Amino acid sequence: MSLPLQHPHLIQDPTFVTGTCLCFTQAFVLLSSSQFILLYAIPAGKARQGKQDRNSIVLGGIESLVQNMHGEDITEVEVETRQDDMEDNLAHESAVTRAWASMCKSRVRTSVTLGIVGAALSATLIAPLPISHDSVGFVLALEHYDVTLHQPHPPGYFLYIMLGRLVQAMVGDGWTALWLLGIIGVGLAVAFIVRAGWEVTPGAGVATGVIALFSPLLLAAAARGETYTLACALSAFIGWRVLRLRLTNCDKMKEVIIVSVAMAMMAGLRTTDAAFLLPLWSYGVLALGWRGLMIGITVGAMGTVSWLLPMVSLQPGGLPAIRHASSMLSSGWVAQFSRSSEVGLP
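Scoring rules and cut-offs
Residues numbered from 1 in each chain as written. Predicted model: local features only at pLDDT ≥ 70, side-chain atom pairs only at ≥ 80, totals over all residues. Heavy atoms only, no water. Helix = DSSP H or I, 4+ residues; strand = E, 2+ residues; numbered from the N terminus. Contact = heavy atoms within 4.5 Å. Areas by Shrake-Rupley, 256 points an atom, 1.4 Å probe, with all protein chains shown as cover. pLDDT = per-residue confidence, 0-100. Salt bridge = Lys/Arg side-chain N within 4 Å of Asp/Glu carboxyl O. Buried < 20%, exposed > 50% of the residue type's maximum accessible area, 1.4 Å probe, protein only. Phe/Tyr/Trp six-rings, centres within 6.5 Å; stacked < 30°, edge-to-face > 60°. Lys NZ or Arg CZ within 6 Å of the ring centre and 35° of its normal. Expected span 1.5 Å × (residues − 1). Arc of directions from axis to C-beta. Lys, Arg positive; Asp, Glu negative; His and termini not counted. Axes fitted to C-alpha atoms, helices over the stretch in contact; angles between N-to-C directions. Parallel < 35°, antiparallel > 145°, perpendicular 65-115°, else oblique. Left-handed = near helix turned anticlockwise from the far one by under 90°. Nonpolar A, V, L, I, M, F, W, Y, C, P; charged D, E, K, R; others polar.

### Thoughts on the overall build of the protein chain
- Of the regular secondary structure elements, the protein chain holds 12 helices and zero strands.
- Going from N to C terminus, the protein chain has its helices and strands arranged as α-α-α-α-α-α-α-α-α-α-α-α.
- Pairs at least 24 residues apart make up 70% of the contacts formed inside the protein chain by residues separated by at least 6 positions.
- For the protein chain, the computed accessible surface area is about 19,100 Å², with 69% contributed by carbon and sulfur atoms.

Written out as structure tokens, the structure reads:
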């Protein structure tokens, strides 16, 4: 038995077709641009770090040379002078340590502050009711999960629905739960964008955070009650961990596991974004060579299975029903764009 199209009137709607094309184009451009910027920043950051290391080595060598020029005969005055110099050096090192600790604190404080401001701004744009057919499907899925009824539409957005049910259990209303997730997603997205930029320079972290803070696309997405803001937050998190893999002397094995788990979560939250982020993820895990890639694939596969099996068990009809609903949606898109091209729509 074939399933009817859930929204046949949309096929005849030129605004819907044109808007959909623009949304896909914009998403592709944004994701491609972000990956290009990250991959360009990585070698630039490495070059800057290498230059700083070379300067430290040169200064250390000069300091040792000056110390060795004193010779073997050292007077009491020279001993006292050296002691004073050592005390000054220790004081300088403690000042540097305090400055570094303050910088680390400001990094966290800046990201948290901008994240809270972003969440507060997005809260002013919340709609009182769902404003799209997708958000209606998400609200209905909180009560009964069935992708064949577009509750939600394929591929299922399983982790998003589970998060929504968790929040709904606390607030008691499905739509309120979804827009709260949207607000939380904006705050996390801004915070993770700041942390990602800070791995390059502190100025880059602040600048990217402010740009994201006043992005109308990000703020307005929270009002739709859909997956966009949480997907943006997880994308920024993945980009941040990739930068750590490539720019810092971190525990690379730990970072490979973290970024691979995040990719598995993205697949359960918004599958298309996980596909777009695969090149960036691959570049990150390859910091450990082929070993890192194999570990990343293994961890990602295990993480995907951990949510895929519950999704299949929750869906009436199991995996065949999910595949059938997905094929019906795909054929509907093909028919929709074919009719658009026949009437000369862009």
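### Examining the confidence of the model for the protein chain
- Mean pLDDT for the protein chain: 75, with 65% of residues reaching 70 or above.
- The element-level mean pLDDT for the protein chain is lowest in helix α1 (residues 14–68), coming to 46, with helix α9 (residues 252–269) highest at 94.
- This model gives residues 1–45 a pLDDT under 50, and the stretch forms 52 contacts once residues within four places in sequence are excluded.
- In the model, residues 334–345 has pLDDT below 50 throughout and makes 11 contacts with residues more than four positions away in sequence or in other chains.

### Some words on the pattern of salt bridges
- The full count for this structure, using the stated rule, is five salt bridges.
- Ionic pairing is found between R244 and E199, a salt bridge with its closest N-O pair at 4.0 Å. With R244 in helix α8 (residues 228–247) and E199 in the loop between α5 (174–198) and α6 (202–213), this residue pair connects regions lying 45 residues apart in the sequence.
- With its nearest N and O atoms 3.6 Å apart, the salt bridge here joins R270 to D273.
- Residue R270 is classed as buried on the basis of its relative accessible area, which comes to 16%.
- Through salt bridges that share partners, E199, R241, R244 and E255 make up one connected network.

### A word on the packing of aromatic side chains
- Evaluation of the coordinates by the stated rule reveals six aromatic pairs.
- Pairing F138 with Y160 gives two aromatic rings, centres 5.1 Å apart and planes at 75°, and the pair type is edge-to-face. Remark: Y160 occurs in helix α4 (residues 158–171) and F138 occurs in helix α3 (residues 133–141); sequence separation between them is 22 residues.
- Y160 sits in the buried class, given a relative accessible area of 0%.
- Ring centres of Y145 and F158 lie 6.0 Å apart, and the angle between their planes is 90°; on these two criteria the pair is classed as edge-to-face. Here Y145, found in the loop between α3 and α4, pairs with F158, found in helix α4; they are 13 residues apart in sequence, far enough to count as distant.
- A relative accessible area of 6% places F158 in the buried class.
- Aromatic rings pair up to connect F138, Y157 and Y160 into one cluster.
- Between the NZ or CZ atom of R241 and the centre of the ring of W240, over which it lies, the distance is 4.5 Å.
- The side chain of R246 reaches across the aromatic face of Y283, ending 4.1 Å from its centre.

### Side note on helix α11 (residues 289–314)
- Taking 1.5 Å per residue, 26 residues should reach 38 Å; α11 reaches 38 Å between its end C-alpha atoms and fits that length.
- Buried within α11 we find G292, L293, G296, V299, G300, G303, W307 and M311.

### Some thoughts on α6
- For α6, built from 12 residues, the straight-helix expectation of 16 Å at 1.5 Å per residue is met to within 8% by its first-to-last C-alpha distance of 16 Å.
- Restricting attention to buried positions, one finds in α6 the residues G205, G209, A212 and L213. Projected down its long axis, α6 shows its buried positions confined to an angular sector of 100°, all on one face.

### Considerations on unusual backbone geometry
- Look at the link from Q151 to P152: it is a cis peptide, with omega at 0°.
- For P152, the location among the structural elements is in the loop between α3 and α4.
- A cis amide bond links P154 with the next residue in sequence, P155, at an omega value of 10°.
- Mapping P155 onto the fold places it in the loop between α3 and α4.

### Some words on the side chain of D134
- One can find D134 in helix α3.
- Although buried, D134 forms no salt bridge, and the nearest oppositely charged side chain, R224, lies 5.7 Å from it.
- Among all residues touching D134, those that are not within four sequence positions of it are H153 and E226.

### Details of the packing of α8 against α9
- Their axes nearest at 10 Å, the elements α8 and α9 cross at an angle of 160°. With respect to α9, the element α8 is oriented roughly antiparallel. Where α8 crosses over α9, the handedness of that crossing is left-handed. Within the contact between the two elements, α8 uses L230, A231, L234, S235, F237, I238, R241, V242, R244 and L245 and α9 uses K252, E255, V256, I258, V259, A262, M263, M265, M266 and L269.
- Of the residues in the contact of α8 with α9, the class split is 15 nonpolar, one polar and four charged.

### Side note on the environment of L278
- Within the secondary structure, L278 sits in helix α10 (residues 271–285).
- Residue classification places L278 among the partly exposed positions, given a relative accessible area of 40%.

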